[in-house]
Amino acid sequence: MNSNLVWIFISAMLVNNFTLYYFLGLCPFFGVSGRLKTAFRLGLATIFVMVITSLCVSFLNAFILPYAPYLRLISFIVVIASTVQFVEMVIKKLSPALFRALGIFLPLITTNCAILYLAISQTKADYSVIEGLVFAVGAGGGFTLALVLMAGLREEVELSNVPAMVKGTALNMIIAGILSLAFMGFAGLFSGT
Amino acid sequence: MNTPPDPGRLYREFAKGIWKENPVFVQVLGMCPMLAVTNSAINAVAMGAATAFVLIGSSFLVSLLRSFIPKQVRISTYIIIIATFVTVADFTLKAAVPSVHKELGAFIALIVVNCLILGRQEAFASRNSVRLAVADAIGMAAGFAFALLCLGATREILGSGSLFGHLLFGEHFEPWVIMVLPPGGFIMLGVILLFFGFLRERKIRRRTRVSEEAAS
Amino acid sequence: MTEVQLTISAGQQPSQPSSLRLVLTLGIAGLLSGFAIAGAYQITKPIIDANNARALEAAVFKVVPGSTRMRKLALRDGLLVPVAGDEPVTDPVVYGAYDDAGDFLGYAIEGAGSGFQDIIRLLYGYDPVRRCVIGLEILESRETPGLGDKIYKDAAFQANFEALSVEPPIVVVKDGRDADNEVDAITGATISSLAVVKIINTVTGAWLPDLPPPGEEPPAPPAEPDAPEQEQQGGER
Amino acid sequence: MTAGVLGRTFRHGVHPREHKEGTEDLALERMGFVDRYILPLSQHLGAPCKSVVAVGETVTRGQLIAEPGGFVSMALHSPVDGTVAAIAMRRHPNGQMAQSIEIQADAFSTQRMSAASPVDWRSLTLDEFITHVQQAGLVGMGGAAFPAHVKYKLPEGNRCERLLVNGCECEPYLTCDHRLMVEQPDAIIRGVEILAETLGADSSTIGVELNKPESIEALRRAVGDRGSIDIVPLKVKYPQGAEKMLIKAVWGEEVPAGKLPLDLNIVVNNVGTMAALADYFDRGIPVIERALTVAGPGVDRPANLIVPIGTPVRDVLRRCGLNTQARQVVMGGPMMGTSLASLDVPVLKGTSGLLAFTEDVINHTAEYACVRCGQCLEACGNFLNPSRLARLASAGRYDELEKAHIMDCVECGACTYTCPSGVPIVHLIRAAKGMMRARKAKES
Amino acid sequence: MTRRDPRLLLQSAPFLRRGITTPRLMVDVLIALVPVVLAAVYFFGLSAILVIVAATAGAALTEWVFGPDRRRGGSLTDGSTILTGVLLGLCLPPGIALWMAFLGGAVGVGLGKLVFGGLGQNIFNPALVGRAFLQAAFPTAITTWTQQGAITELLTIRPSNFALPFMQAPAPAADAVDAISAATPLGLMKFQNIPTGVEQLLLGNTAGSLGETCAIVIIICGVILAIRRTFDWRIPVSILGTVAVFSTIVWLFDRTEYPSPWLMLCSGGLLFGAVYMATDPVTSPITPRGAWIFGLGIGLLVVLIRIWGGLPEGVMYAILLMNAATPLIERIAQPRAFGRGRAVA
């Protein structure tokens, strides 16, 4: 059980990194990785939303969806959108400073497909609440790790004389590709054999 | 608004999506499914078709209902509409071609959060007539599918030595496995975008050269 | 990169349309979408179920060579009892495989575990008489193409599982198998090979005490159920 | 070399080839008079001085010809007997045109100075002393030409505890300070005494690099048994002559960034300044000439010369046999000097050397991209990251440059010297600093 | 009024240079690679030369065609591309098809270096990018280690080297010497729990990539390079130290299950990677503190991947991952500027 949790965490974070292995959350990955500080904050916000989503999904899976499996997708998307809204409101009330820091990114998270994928794949793997939480933290952590690494690299590349034809998305894709290659080294980590 | 748009306009709205405003190569939208499912041409086609179904359907509906939907809840309504179409597409694919559905996995469901679709509703369908909206949606969908196919075909040819499952180079071809792996997706799209960048730069160079010659 | 501005902030600004209208719009939209989805679900569900059943059947028939009929068996209170194909069960499940004559040939057992990249889900045939694994089918895996995916693409590796003793527990070896309980690892994909063996060992270890003694398996299902009829059954539900 | 003493030093820095062998044994000679002198009104850091003579006026050697234009400004004196030929724009060694007084030397004058009277410095208050130093036209003779008296104006609450005299002469080629120390140690010691007593310093220290054993010897002899002045031998390393590096080398203390040595109650001066100070207070002679080294493969007769301020470089070089192979003339040391665009510029108060380089020694290092080898970090005595500064500077990222402490850079050039990729690091930094200063000026 | 004298050359200070140039640094490393190449030839025969030449040709040709220099091929003269090619060649198995080695060189230089703007601008070690690409593209070919030939077979060339471009190597005759595949010491340990002797590892009498087998040669060359200050000695010291410490800790837990620290240190690409790959100045932190952290990270990742990962060897991935983390490391490891941060007496 315990080693299973470790595996879920490591697998979601490193081996099957949502961004670098499943191509999830690429919009924020490329859109928000220009500055390290913003990237880090967005990553934290995403972890937070993922954790809440995971809890909600566990609840939905336990009590509602067995009766109406066909509403799965639509209920997930509603849950995510309202979670984000809710989180936004709560943060605004409790900590205006944090809201100012995160505010603009929160709505963006709604369209982050990583969250929806988290919900779907947690359902598919039939994770318990605890496993779901570990999965969410791992996935969010992996997303943040990829985002922060990417942001650091992009800030570095900005100081280089990158040829005009490569600048922009093409280069970002190639950097992401090499990062993804490097992450392949984690394959099989803690798979327990 | 009531006068039907002229055919030329319709064509223009359709054609822009394929090349000039290609959602993938130019606008860089919808990256997630773009990369995740393009390890073979057949997956790319299926994904393109599913996306097209959702995009055209929701564009049609959104444009039709655009005057009824209050501004404040428009996004939520769009999402509901899109999610509906996606769920329908999901079920249909699962029933019709289970093998493809298995390959695409969760990525069919993820069409919901494809920013291309929501973006078209927000930027175009909600502001234009049904015909224009559909023309635009078809164009964008075609452009998206075209991009998917380009990437899917290249990755399949290099990564498996086949196209649509047909072996191209015989038994002894050494496949570049990386191409069907995630890094290959990033790198191949990077290389394709690099090619587009090359075309763009060449165009700019030519234009400046022409203007320089005109000036001198 | 084109930024898609999204403001998911329904009803934030004070504005003309009453909140009733907003709620109404969303409600109607939700209702309509619910109908559409439920409708689509109703139409496609029987086909999907039939597809799944067919796929499962094919897999079971493959891992238990010679079988032509199957039946879902659930472990309830220490006994294997037959359950209907589409009945939701929470108990552990195996599939009994039978030949045309209705004679029991073996079990098809499902297992899952972490592989090199992600979860591997597999189905294997088990012959309780010979205490052997008699066939292997990988249902789901994301192992490295060209290397780890040989666990289902490589005939030589699959051949390991045609008569593989489970006692003592299966071990993975290199450079050829010498004993009945040995599996020859795929060169370069040792981890994937190990993962498959580990799954089979674990699952078999869990099932063995609960399987009825040879000869006392639940009987074969009635001979008639074919794909079209199953479809009909599903449709009626 | 002092036996057994390895010498103190600071961390990091570089060891360029010294190239001093050609001139270190050549005694100081006096440069003869030429017929035309150019005296830019701005020879020092700070405000230019204001001319007090008119065109056509006759001036005598040592006569005041321009007054300080503010507190951070200096007086200027005529180096010769002659006539003011023009007050106009003339080319400055920095490459730009600057308002200058041009003096036509009197061909029939003996150029002997009328006896000037010594100043009774003991009777002066500190403020009066400072005014005197300013009137003497005394600038830091080390090269930067910072008005000397400004350093003596101690802020409220500070007191000069330690007087540090810089005899490092860490720039390659230059040997004029060395010769000064060997030939006029008494003047230097005398200057130190005057200053130490006036400022009320507790101790006085002279730091000299170990490659000048003769200098150390001479200074020690001159100090004799007075014992109040400490001669500290230092390991040879560049840029030891930079104030803060010297303090670190001698006492191991770091002057906080953005602060001056004064904040540690230390006053730092060059040996040349000390000699000039003694000249003024003991003999009443203001700064009208200075010692400099003429060297490099572009001159046939390298020399250490005492040259009247304002002498055109062309005349100095001609005296030393400028040859036809010379392709580059550098004013100052090879690490921090400036290359001259014209030889018709004058020797300034801050000119410590004139170096003529031939094609074969001119640096033609090809420029490669920075490979981040880290050599510049190990060269930088200020512990900056020059590689990063250069990259940020070429990208014009001023806010980040500020955060990377670009303003701490003293532009010693050690990074550029050591860079294997030939990146003109210090040049980029200098340009960025200029841009940042301009931006700041615009904002305020 | 005076005019600018056209004969005078204007430059900005300083006018003196140390005279050690970037190409010379590259040549230094290349020279230090000669013994490694010779050892590779000794152990693997002419195949070694062929593979190294193919990889270098791929790298050089790419640089020549797409290089940033206005004069085509000008950027080849700095030597860095040749170095990349040789390094890549040395970390490939002896039996790899030449077209793959060529492709690896081209990809490494093309995608690993030129798209970033060429020399000094890249963020990943180009040789390792090429190696990682090959590993992902041709997982079988690149993990097929062949037995070392005897000294008498110095001139034999492995037929698998000559696979047609894009084609698989022909199946070797079953009795050919080079057809016998062998496992690397790390693979033996990981999958079969067979340790390899330290003497064997030091001498290089094992299967593996061309340049990585002979530990003693790499150690000697590394020490020479460190003394010459060609690279930052902190990086290899930090890597090897970390691996030594952590593998000892793990080993003390279970001495049969886990490899001994000696095996960890001397086997696989660890020494080669620590000496020649991780020290690539362009892709490693420039500050001393950064170098320590960088090495620590690589060491930890190597132990993690080797002991708990699915792959027997992880040096390449560890270095690439830490390359990616280099900008972040540099952020927290900037030097303390003079007169800042420390209280002054």
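Here is what the cut-offs are and how they apply
- Residues numbered from 1 in each chain as written.
- Chains lettered and ligands numbered in written order.
- Predicted model: local features only at pLDDT ≥ 70, side-chain atom pairs only at ≥ 80, totals over all residues.
- Heavy atoms only, no water.
- Domains from an automatic or database assignment.
- Contact = heavy atoms within 4.5 Å.
- Buried area = accessible area lost by both parts, 1.4 Å probe.
- Salt bridge = Lys/Arg side-chain N within 4 Å of Asp/Glu carboxyl O.
- pLDDT = per-residue confidence, 0-100.
- Helix = DSSP H or I, 4+ residues; strand = E, 2+ residues; numbered from the N terminus.
- Buried < 20%, exposed > 50% of the residue type's maximum accessible area, 1.4 Å probe, protein only.
- Polar contact = N/O pair within 3.5 Å; in protein donor to acceptor, adjacent residues only side chain to side chain.
- Nonpolar A, V, L, I, M, F, W, Y, C, P; charged D, E, K, R; others polar.

1. Considerations on the domain arrangement of chain D
All names here are of chain D.
Piece 1. By domain assignment, chain D separates into domain 1 (18–33 + 137–364) and domain 2 (375–439).
Piece 2. Each of domain 1 and domain 2 has a C-alpha centre, and these two points are 26 Å apart.
Piece 3. On the side of domain 2, 10 residues touch domain 1, which itself brings seven residues to the contact.
Piece 4. Overall, the association of domain 1 and domain 2 removes approximately 660 Å² of surface from exposure, summing both partners, and the carbon and sulfur fraction of that is 69%.
Piece 5. Together, M245, M335 and M336 form the three largest contributors to the area buried by domain 1 at its contact with domain 2, with a combined 51%.
Piece 6. Where domain 1 touches domain 2, the interface holds zero salt bridges.

2. Some thoughts on the confidence of the model for chain D
Piece 1. With 99% of its residues at a pLDDT of at least 70, chain D reaches an overall mean of 91.
Piece 2. The weakest mean pLDDT in chain D belongs to helix α2 (residues 148–152) of chain D at 89; the strongest belongs to strand β14 (residues 303–308) of chain D at 96.

3. Observations regarding the pattern of salt bridges
When the charged atoms of two side chains lie near each other, side chains of opposite charge can form a pair.
Piece 1. On inspection of all chains with the given rule, the structure shows 51 salt bridges over all chains.
Piece 2. Note that E155 of chain A is salt-bridged to R331 of chain E, the shortest N-O span being 2.3 Å. Here the residue E155 of chain A occupies a position in helix α8 (residues 129–157), and R331 of chain E occupies one in helix α14 (residues 315–332), the pair thus bridging two chains.
Piece 3. A relative accessible area of 48% places R331 of chain E in the partly exposed class.
Piece 4. Put simply, R76 of chain C and D91 of chain C hold a salt bridge, and the shortest N to O gap is 3.0 Å. A residue pair is termed long-range when its members are at least 10 positions apart, and R76 of chain C in strand β1 (residues 69–76) and D91 of chain C in the loop between β2 (79–83) and β3 (93–98) qualify at 15 residues.
Piece 5. R76 of chain C gets classed as partly exposed once you look at its relative accessible area, which sits at 30%.

4. A short note on the side chain of T190 of chain C
Piece 1. Relative to the assigned elements, T190 of chain C resides in helix α4 (residues 190–207).
Piece 2. For T190 of chain C, a relative accessible area of 4% puts it in the buried group.
Piece 3. Look past the residues within four positions of T190 of chain C in its chain and what remains in contact with it is K174 and A185 of chain C together with F191 of chain E.

5. Some words on the interface of chain E and chain B
Buried accessible area, meaning the area lost when the parts come together, often serves as the stated size of an interface.
Piece 1. On the side of chain B, 14 residues touch chain E, which itself brings 13 residues to the contact.
Piece 2. Together chain E and chain B conceal approximately 1200 Å² of surface at their shared face, both sides included; 74% is due to carbon and sulfur atoms.
Piece 3. Remark: the boundary between chain E and chain B carries zero salt bridges.
Piece 4. Along the contact surface separating chain E from chain B lie two residue pairs in polar contact (both at pLDDT 80 or more).
Piece 5. Secondary structure elements with two or more residues in the side of chain E that touches chain B: α4 (98–112) and α5 (126–137) of chain E.
Piece 6. A total of four residues in the side of chain E that touches chain B trace back to one element, the largest contributor, which is α4 of chain E.
Piece 7. Partitioning the side of chain E that touches chain B into residue classes produces 12 nonpolar, one polar and no charged.

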